[in-house]
Amino acid sequence: MPYHKNKQQAFQAAEQGMEQARDIYQQLDPSSSEYGHYLKRLKQEIDETEQQLENALEVASETQRKQLENYQAEIDTMKQNLE
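Not measured: the values here are computed from a predicted model.

**Student:** How would you sum up the overall build of the protein chain? Please name residues and give values.
**Tutor:** A count of helices and strands for the protein chain gives three helices and zero strands. Put simply, the protein chain runs from its N terminus to its C terminus through helices and strands in the order α-α-α. Taking the principal axes of the C-alpha coordinates as reference, the protein chain spans close to 50 × 20 × 15 Å. Buried positions account for 29% of the 83 residues belonging to the protein chain. Of the contacts formed within the protein chain by residues at least 6 apart in sequence, a portion of 70% connects residues at least 24 apart.

**Student:** Describe the pattern of salt bridges, naming the residues involved and giving the relevant values.
**Tutor:** Tallied over the entire structure, the rule returns two salt bridges. One salt bridge in this structure joins Arg22 and Glu74, with 2.7 Å as the shortest N-O distance. Here Arg22 is found in helix 1 (residues 2–27), whereas its partner Glu74 is found in helix 3 (residues 62–82), with 52 residues between them in sequence. Owing to a relative accessible area of 26%, Arg22 belongs among the partly exposed residues under this scheme. A relative accessible area of 27% means that Glu74 is categorised as partly exposed. Residue Lys79 is joined to Glu50 by a salt bridge in which the shortest nitrogen-to-oxygen separation is 2.8 Å. Remark: Glu50 occurs in helix 2 (residues 35–59) and Lys79 occurs in helix 3; sequence separation between them is 29 residues.

**Student:** So, the environment of Ile46: which residues are in play, and what are the values?
**Tutor:** Assignment of secondary structure puts Ile46 in helix 2. Along the sequence, Ile46 and Tyr25 sit 21 residues apart, while their C-alpha atoms lie 9.7 Å from each other. Once you skip the residues sitting within four places of it in the chain, Ile46 turns out to touch Ile75, Met78, Lys79 and Leu82.

**Student:** Account for the UniProt feature "coiled-coil region" (unreviewed entry) in the protein chain, with residues named and values stated.
**Tutor:** Feature annotation in UniProt assigns "coiled-coil region" (unreviewed entry) to the following positions: residues 39–81. Here residues 39–81 runs as 95% helix and 0% strand, with 12 Å between its end C-alpha atoms.

**Student:** Outline the confidence of the model for the protein chain, listing residues and values.
**Tutor:** The predicted model of the protein chain has a mean per-residue pLDDT of 91, with 94% of residues at 70 or higher. For the protein chain, the element scoring lowest by mean pLDDT is helix 1, at 87; helix 3 scores highest, at 95.

Rules behind the numbers
Residues numbered from 1 in each chain as written. Predicted model: local features only at pLDDT ≥ 70, side-chain atom pairs only at ≥ 80, totals over all residues. Heavy atoms only, no water. Helix = DSSP H or I, 4+ residues; strand = E, 2+ residues; numbered from the N terminus. Buried < 20%, exposed > 50% of the residue type's maximum accessible area, 1.4 Å probe, protein only. Contact = heavy atoms within 4.5 Å. Salt bridge = Lys/Arg side-chain N within 4 Å of Asp/Glu carboxyl O. UniProt positions renumbered as here; feature names shortened; annotations may be inferred. pLDDT = per-residue confidence, 0-100.

Laid out in structure tokens, this is it:
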């Protein structure tokens, strides 16, 4: 049972990180005076989320793995749009 709990916790941490990264990404407005602040926060959140995704992928079920891979693709798209 602890293994299942760790799988679920790892997945939920990655999911929460993804939600936070999305929220910050949606607030990015290059014309805003707050752009630099949000950009810095987003880069930090992306780094943290990528680590959470890696951890979750190590123990994920097949269903979770597919969702985590979708999250990774979304993070990659965010990173590309920041370059």
